[in-house]
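Listed below, chain by chain, are the residues.
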Amino acid sequence: MDHKAHHLRFAAVLTALFVGIATPAASQTPSDTRFEIVVPEALRADPLTGRVYVMIARTDSREPRLQIGRTGEPFFGRDVEDLAPGRPAVIDGTDLGWPVEKLGDLPPGDYYVQAFVNVYSEFHRADGFVVWMHDDQWEGQHFNRSPGNLYSDVQRISLDAEAGYSIRLVADNVIPSVEIAENTEFVESFRFESPMLTAFWGRPIYLGATVLLPQNYHASTIEYPVLYRQGHFSLAEPLRGQVQEEWLEDEFPRMLVVTFQHPTPYFDDSYAVNSVNVGPYGDAIMEELIPEIERRYRIIEEPWARLLDGGSTGGWEAMALQIFHPDFFGGVWSYCPDPVTFTNVEGVNIYEDDNAFYKDRGWFRVPTINTREVNGEVRLTSAQRNRFELVSGTRGRSGQQLDIWAAVYGPVGEDGFFSPLYDKRTGVLHRDVAEYWRENYDLLHYMKTNWSWLGPKLIGKLHIYTGDMDNFYLNNAVVEMDTWMKTTVNPHYPGYFSYGRGEGHCYSGPLSMGERLKEMAQHVMQNQPDVLDTPWWNY
């Protein structure tokens, strides 16, 4: 067999796999398929900078804008800049889509079609850069439901690329403001403008918190331990649906559980660290948000009474807060954390791989898998996941996971947006950016580098849980940290690691949340000074 010819044929097959689309029945020219999206001048009199989309669904179970996603219905996007009022924006066969790559590749048929406009705002940052991005409206950077964004009515339309079409859609609906729930006996929330973050971004940026109060909080005068629970943006009651009945039992430990709201122009969450691209969120949380929480509520302001937990994004944040502030927090329970070292970032080893989309294995080029099912089946390749983000938003403005990692962990680029770890179209990795990630945000690398002084401060504080079939391969980095911690000396501290056999994302251990809170309360009791009693737990 001609090995060179075989290799070329194999590469061609893999190219189709990377792209993840069906081959179109007939080639189409870009002018064959066209949507015009119009924002009425009466609705918006100013020029528009942002991104326009057309969403195309097979059913009307929900609006098409609410059916898009990593494995959702097709949508296509294009950036617009200073678009004159009333002038149509165009999406045609040249624009990239997901999961269908081009409009011409869409099978002929009847579809439910909707136009959408993601409005960007101008940010004059403190570092001198001016960038246009979506200004979060307290919805958590979900552009398809963000207040102030625009959308058209849904139309049922017959689409046939071979016959060609030109369709005009009018985006004359505005998403209303988010409704904030009133405070109750057990749940309170607040937000405030952050001086630090507003100074960095040049526009008002807000921080907030939602607080779950223990039984009889308002009738008592005692102080309580606090669990700072990390995770994606949410205005919901902390622990909703997990401990309602137990929370009211007399013998249940009484503490406060607090979730943070810290959305950014890039994502629903800041990762709770300082970043040259995202801003000084680490300082803002530690010096503005937590002090405000502890000013408003009766919290025991001691390290042994402050605990952390969280899953996935929140799992990484909880770990980072504990590791970077070991004297402030008294323990962390981290569930399925995002990569604690970057040797496996959803399938990509940023220190060794040359390309984020594939791995060369001798004669073979193998797609890098981004997401798997717990039985090992492939859900998405890295190339597919990145194309979804690229269609959602260019220059890292997708509001999605890979882009926020690049924004938080990466250096600033020449255009004021982050310098990418790799090219989202080709996958080519940038080694200098990978080294920046390592030196600033690789938690395992930080622990190894600083263990002589950091290790003693972490003893007894680290509890990490993950399924060994995590859907995003997050268990691999946890195993690497676990393996290293078993070898630590001066001091020797192996941490606590628990693995769920055959469990996916996000395994948090065998205990119920109520049992976990009791475990945390016992941890507080074991670490508080012996002279203190525990009026917050009648056990």
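Looking now at the overall build of the chain. Helix and strand content of the chain: eleven helices and 26 strands. Relative to the 2.2 N^0.38 estimate, which gives 24 Å for 539 residues, the radius of gyration of the chain is 25 Å and therefore close to what a compact globule would have. Across its three principal directions, the C-alpha atoms of the chain cover 80 × 65 × 45 Å. When burial is assessed residue by residue, the chain has 56% of its 539 residues classed as buried. The contacts of the chain with a sequence gap of at least 6 include a subset with a gap of at least 24, amounting to 73%. Here the chain has roughly 22,800 Å² of accessible surface; of this, 50% comes from carbon and sulfur atoms. Here the chain holds 45 positive side-chain charges and 75 negative ones, and the gap between their average locations is 4 Å.

The residue after W98, namely P99, is reached through a cis peptide bond having omega -10°. Here P99 is to be found in the loop between β5 (97-98) and β6 (109-119). Residue P491 is reached from N490 by a cis peptide bond, and omega for that bond is 10°. Tracing the backbone through its elements, the reader meets P491 in the loop between α10 (474-485) and β26 (496-500). In this model, Y271 sits at a positive phi of 70°, which is unusual for a non-glycine residue. Tracing the backbone through its elements, the reader meets Y271 in the loop between β16 (256-261) and β17 (274-275). Its identity is not glycine, yet N490 carries a phi of approximately 50°, on the positive side. Within the secondary structure, N490 is located in the loop between α10 and β26. You can call N490 exposed: its relative accessible area is 68%.

What follows is about the packing of helix α6 (residues 382-392) against helix α7 (residues 401-409). In the contact formed by α6 and α7, the axes pass within 9 Å of each other and the chain directions differ by 80°. Judged on the interaxial angle alone, α7 and α6 are roughly perpendicular. For the pair formed by α6 and α7, the contact residues are R385, N386 and E389 on the first element and Q401, L402 and D403 on the second. Residue composition of the contact of α6 with α7, grouped by class: one nonpolar, two polar and three charged.

What makes a disulfide is a covalent bond joining the sulfur atoms belonging to two cysteines. Following the criterion strictly, the structure yields one disulfide and no others. Here C336 is linked by a disulfide to C506, with a sulfur-sulfur distance of 1.6 Å. Handedness of the C336-C506 disulfide follows from its S-S torsion of about -95°: it is left-handed. Here C506 lies in the loop between β26 and α11 (513-527) and C336 lies in the loop between β20 (332-335) and β21 (358-361), a separation of 170 residues in the sequence. Residue C336 is classed as buried on the basis of its relative accessible area, which comes to 0%.

What counts, and where the lines are drawn
- Residues numbered from 1 in each chain as written.
- Predicted model: local features only at pLDDT ≥ 70, side-chain atom pairs only at ≥ 80, totals over all residues.
- Heavy atoms only, no water.
- Helix = DSSP H or I, 4+ residues; strand = E, 2+ residues; numbered from the N terminus.
- Rg over C-alpha atoms; globule rule 2.2 N^0.38 Å.
- Buried < 20%, exposed > 50% of the residue type's maximum accessible area, 1.4 Å probe, protein only.
- Contact = heavy atoms within 4.5 Å.
- Areas by Shrake-Rupley, 256 points an atom, 1.4 Å probe, with all protein chains shown as cover.
- Lys, Arg positive; Asp, Glu negative; His and termini not counted.
- Charge placed at Lys NZ, Arg CZ, Asp CG, Glu CD.
- Axes fitted to C-alpha atoms, helices over the stretch in contact; angles between N-to-C directions.
- Parallel < 35°, antiparallel > 145°, perpendicular 65-115°, else oblique.
- Nonpolar A, V, L, I, M, F, W, Y, C, P; charged D, E, K, R; others polar.
- Disulfide = S-S within 2.5 Å.

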